[in-house]
Amino acid sequence: MPVPTDGPWLDEAAGRLIRPYTVSGGRTRPTTDLDLLTLVMSTGDVPRTHLDPEHSQALGLCQGPTSVAEIAAHLGLPATVTKVLLSDLVDCGAVTARPPDSFDHPTDRFLLEAVLDGLRRQL
């Protein structure tokens, strides 16, 4: 589900009318250890608690394995707020979270050179 582009949540001049800390209930730390590359996916279980609109939107984005960074971008929310929302969904059993597949040798010189080349092409 995309983030609404009109209505009471957004204003063209002011941007998002609901501040991010309000979306997370003022919380700044998720209860589950998540980083930007953590993959989250819906379990198919219906949460027994009421979901806020942002929780429902995040859950809708978790139909397949999706990174925290992708969900934050789709929601238009800071990563920290997104982590709090997703950890709520993990806590109620609506989504699972797992670290991404790791590289065999994360400090492999070939990999680091490929990343550096890609960054140089972007500049």
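Provided above is the structure to which this section pertains.
These figures come from a predicted structure and were not determined experimentally. (Residues numbered from 1 in each chain as written. Predicted model: local features only at pLDDT ≥ 70, side-chain atom pairs only at ≥ 80, totals over all residues. Heavy atoms only, no water.)

### A short note on the pairing of strand E3 (residues 39–42)
- Bridge count between E3 and strand E4 (residues 66–67): two bridges; the pairing is antiparallel. When the sheet's bridge partners are listed, Val40 is paired in E4 with Thr66.
- Pairing analysis gives four bridges linking E3 to strand E5 (residues 95–98), with the strands arranged antiparallel. Counterpart to Leu39 in the pairing with E5 is Arg98. (Pairing = 2+ DSSP bridges. Helix = DSSP H or I, 4+ residues; strand = E, 2+ residues; numbered from the N terminus.)

### A word on the nonpolar core
- The biggest cluster of nonpolar side chains holds 17 residues, and the ones touching the most others in it are Ala58, Leu59, Cys62, Ile71, Leu75, Leu86 and Leu89.
- Looking at this core, the elements that each hand over two or more residues are helix H2 (53–60), helix H3 (68–75) and helix H4 (79–91).
- At four residues, H4 tops the list of elements feeding residues into this core.
- Residues in contact with Leu59, not counting those within four places in the same chain, are Ser42, Pro47, Leu51, Leu89, Ala94 and Val95. (Core = buried A, V, L, I, M, F, W, Y, C linked by side-chain atoms within 4.5 Å. Buried < 20%, exposed > 50% of the residue type's maximum accessible area, 1.4 Å probe, protein only. Contact = heavy atoms within 4.5 Å.)

### Quick look at the side chain of Thr82
- Locating Thr82 in the fold gives a position in helix H4.
- By relative accessible area, Thr82 is classed as buried at 0%.
- When neighbours within four sequence positions are excluded, Thr82 is seen to be in contact with Val68, Ile71, Ala72, Leu75 and Leu77.

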